[in-house]
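# Residue-level structural notes
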Amino acid sequence: MQVKNILDSSVLQRTEKNVSQYQVFGICRGSGALLLTVENSSGIVGSFDKLAIGEAVRGKFTGCVDGLPVGGPYKLTFEIANSREKTVVKDVMVGDLWLLAGQSNMAD
């Protein structure tokens, strides 16, 4: 099982409500509900304990990481229900990503 659009140390853009709403997709072997468990340094975050967020069908899965609060780092564990398929993405943050570019005299 492999998530195609989230890597370790990713930043998920926050919404106006300061939570995530990020579509995920990837490849897998099985079919069934796509489950998500989210952990931080204090343990499982809110209701994100094997929360159904999407579906896997014929080797592909899609879902939405919806409602994860601003902050992190989070460890996201994606798995297919009733299967041993699982993948973990570490150090995921929710917020804003700023990219600065400028001249050589730009200060930080």
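Further up the page is the structure itself.
Okay, so let's go over this structure. The structure displayed is predicted, hence computed values, not measured ones. (Residues numbered from 1 in each chain as written. Predicted model: local features only at pLDDT ≥ 70, side-chain atom pairs only at ≥ 80, totals over all residues. Heavy atoms only, no water.)

What follows deals with the overall build of the protein chain. Broken down by element type, the protein chain carries zero helices and nine strands. Walking the protein chain from its N terminus toward its C terminus, one meets helices and strands in the order β-β-β-β-β-β-β-β-β. Counting only C-alpha atoms, the protein chain reaches 55 × 30 × 25 Å along its principal axes. Counting only contacts in the protein chain whose residues sit at least 6 apart along the sequence, the fraction spanning at least 24 positions is 61%. Surface accessibility of the protein chain: about 7,000 Å² in total, with carbon and sulfur atoms responsible for 49%. (Helix = DSSP H or I, 4+ residues; strand = E, 2+ residues; numbered from the N terminus. Contact = heavy atoms within 4.5 Å. Areas by Shrake-Rupley, 256 points an atom, 1.4 Å probe, with all protein chains shown as cover.)

This brings us to the pattern of salt bridges. Applying the stated criterion across every chain, the model contains two salt bridges. Among the salt bridges present, the one from Arg14 reaches Asp96, with a minimum N-O distance of 2.9 Å. A residue pair is termed long-range when its members are at least 10 positions apart, and Arg14 in the loop between β2 (11–13) and β3 (19–27) and Asp96 in the segment after β9 (86–95) qualify at 82 residues. Assessed through its relative accessible area of 31%, Arg14 is described here as partly exposed. Relative accessible area serves as the criterion here: at 34%, Asp96 is assigned to the partly exposed category. (Salt bridge = Lys/Arg side-chain N within 4 Å of Asp/Glu carboxyl O. Buried < 20%, exposed > 50% of the residue type's maximum accessible area, 1.4 Å probe, protein only.)

For the rest of this paragraph, the subject is the pairing of strand β6 (residues 51–57). Here five bridges tie strand β4 (residues 32–40) to β6, and the two strands are oriented antiparallel to one another. In the sheet register, Leu34 faces β6, and the bridge partner there is Gly54. In terms of strand pairing, β6 meets strand β7 (residues 60–69) through four bridges, oriented antiparallel. Following the sheet pairing, Ala56 is matched in β7 by Phe61. Where β6 hands over to β7, the hairpin turn is made up of two residues, of which Arg58 adopts a positive phi near 50°. (Pairing = 2+ DSSP bridges.)

Next up on the list: the environment of Gly95. Relative to the helices and strands, Gly95 resides in strand β9. In this structure, Gly95 is in contact with Val11, Leu12, Gln13 and Arg14, ignoring residues within four places of it in sequence.

Note on placement: Glu79 falls in strand β8 (residues 71–80). Lys50 is the oppositely charged side chain nearest to the buried, salt-bridge-free Glu79, at an N-O distance of 4.1 Å. Ignoring any residue separated from it by four or fewer positions in sequence, one finds Glu79 in contact with Met1, Ala33, Leu34, Leu35, Thr37, Lys50, Glu85 and Lys86. (Lys, Arg positive; Asp, Glu negative; His and termini not counted.)

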